[in-house]
Amino acid sequence: MMVDISKDPLGTGSDGQPVYLRDIWPTSEEVSETVAKSISREMFISRYSNVFLGPKQWQAVKFAGGQTYKWDVGSTYVQEPPFFASMSPEPAPIVDIKRARLLALLGDSITTDHISPAGNIKKSAPAGEYLLAHQVRPEEFNSYGSRRGNHEVMMRGTFANTRIKNEMAAGTEGGVTRHMPDGEIMPIYDAAMKYIAEGTPLIIVAGKEYGTGSSRDWAAKGTKLLGVSAVIAESFERIHRSNLVGMGVLPLQFKEGTDRKTLGLDGTETFDLLGFAETLRPRMEIALTITRADGRIEVAPVVCRIDTLDEVDYYKNGGILQYVLRNMLRAA
């Protein structure tokens, strides 16, 4: 049974009359008067003047002075990322993509966890080998998610999910690919580094719903650091598509009726994306030129999934980080 204490009596007084809440509840004036008598400025100063000092354990933490963070080159958790390395005050002209190779040929519903896993690090994985080389014991590897401040770990973990299947390396599971043209099977990270050393641009080809799942920023960051210039898919998850643009990776979408299967792609091909550098605009059509291993050439139109003029500016700057920093420098 519900009782309305504003109308129903709480009981009776010594005189036998009913007592209501309004009879004993203090007025606003009485509350203000009591606060003024009980609370003083000195009480706040005493309690909060040293709030930023923290406990003794916090005060004992050693730190460097200065206005900028002092990177610890020995840390396996936090390293200075290379996103601004050799960045010029003005962006360099964007260029067409020529003689690119496939780093991975993937199916439908590739999630951001497939692309950038957050789970445990295996000893045999490139990230595990990196940590072992830096005297980190396997029981202290922790997870990719806990080491996301170290790009060396995260880029080695990109496409390293144990459940990802790269159709270029049929019959395998995990982050492996075939380096072309020699066909050697190796971890995706190792192949990417080899391609970068050779000066070979890279692309990813995938099916529908590429980048589904959580909006994991390292799924786009790691893709960029592996030297991937473009991702061509049948469709994209909205946020991951945006994140790719924000990292300077070109998202492209197959036109209806065209996909990796109808084109018969197997990873032995080279790819050219020509003519977009000077005329880049949202959702423009670009010709994807496929050169087969036997020299045959096929052209398939793809749609540029840079969807807005702002995104064109991000891409021309090499990514949104560079775009923002350049604008800050101009305003300074």
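Residues numbered from 1 in each chain as written. Predicted model: local features only at pLDDT ≥ 70, side-chain atom pairs only at ≥ 80, totals over all residues. Heavy atoms only, no water.

Brief notes about the layout of surface pockets
By volume, the largest pocket is sized at about 910 Å³. Taken together, 34 residues line the largest pocket, and the ones lying closest to its centre are K224, S229, M247, G248 and G318. Every element with two or more residues in the lining of the largest pocket is listed here: β3 (97-105), α8 (188-198), α9 (217-225), β7 (228-233), α11 (309-316) and α12 (320-331). Tallied by class, the residues present in the lining of the largest pocket amount to 17 nonpolar, 12 polar and 5 charged. Computed from the structure, the second largest pocket encloses a volume of approximately 340 Å³. Along the walls of the second largest pocket sit 24 residues, with K122, A125, A160, T162 and G175 positioned nearest its centre. Across the lining of the second largest pocket, the residue classes break down as 12 nonpolar, 8 polar and 4 charged. (1 Å grid on protein atoms, 1.4 Å probe; cavity = no way out; pocket = protein on both sides within 12 Å on 5 of 7 lines; lining within 4 Å. Points joined across faces, edges and corners; volume = space filled by probe spheres on them. Helix = DSSP H or I, 4+ residues; strand = E, 2+ residues; numbered from the N terminus. Nonpolar A, V, L, I, M, F, W, Y, C, P; charged D, E, K, R; others polar.)

Some details on the packing of aromatic side chains
Scanning the model with the defined rule gives 5 aromatic pairs in all. Ring centres of F83 and W218 lie 6.3 Å apart, and the angle between their planes is 45 degrees; on these two criteria the pair is classed as tilted. One end of the pair, F83, is in the loop between α4 (56-59) and β3; the other, W218, is in helix α9, with 135 residues separating them in the sequence. By relative accessible area, F83 is classed as buried at 13%. (Phe/Tyr/Trp six-rings, centres within 6.5 Å; stacked < 30°, edge-to-face > 60°. Buried < 20%, exposed > 50% of the residue type's maximum accessible area, 1.4 Å probe, protein only.)

A look at the environment of P117
Mapped onto the elements, P117 comes out in the loop between α5 (112-115) and α6 (126-133). For P117, a relative accessible area of 9% gives the class buried. Note: C-alpha distance between P117 and T289 (172 residues apart in sequence) is 32 Å. When sequence neighbours within four positions are dropped, the list of residues in contact with P117 reads T112, Y144, G157, A160, N161 and R216. (Contact = heavy atoms within 4.5 Å.)

What to know about the pairing of strand β10 (residues 285-291)
Counting buried positions along β10 gives 5 out of 7 residues, so the element sits mostly inside the fold. Sheet topology note: the β10/strand β11 (residues 297-304) ladder contains 7 bridges and is antiparallel. Counterpart to A287 in the pairing with β11 is P301. What sits between β10 and β11 in their antiparallel hairpin is a turn of 5 residues, with G295 showing a positive phi close to 95 degrees. (Pairing = 2+ DSSP bridges.)

What to know about the pattern of salt bridges
On inspection of all chains with the given rule, the structure shows 21 salt bridges. Across the pair R241 and E311 runs a salt bridge, and its minimum N-O distance is 2.9 Å. Taken together, the positions of R241 in helix α10 (residues 238-246) and E311 in helix α11 put the pair 70 residues apart, joining distant regions of the chain. Of the two residues, R241 and E311, both sit in the buried class. Across the pair K255 and E285 runs a salt bridge, and its minimum N-O distance is 2.7 Å. Here K255, found in the loop between β8 (250-254) and β9 (270-273), pairs with E285, found in strand β10; they are 30 residues apart in sequence, far enough to count as distant. For E285, a relative accessible area of 46% corresponds to the partly exposed category. Beyond isolated ion pairs, a larger network of salt bridges with shared partners links R241, R283, R305, D307 and E311. (Salt bridge = Lys/Arg side-chain N within 4 Å of Asp/Glu carboxyl O.)

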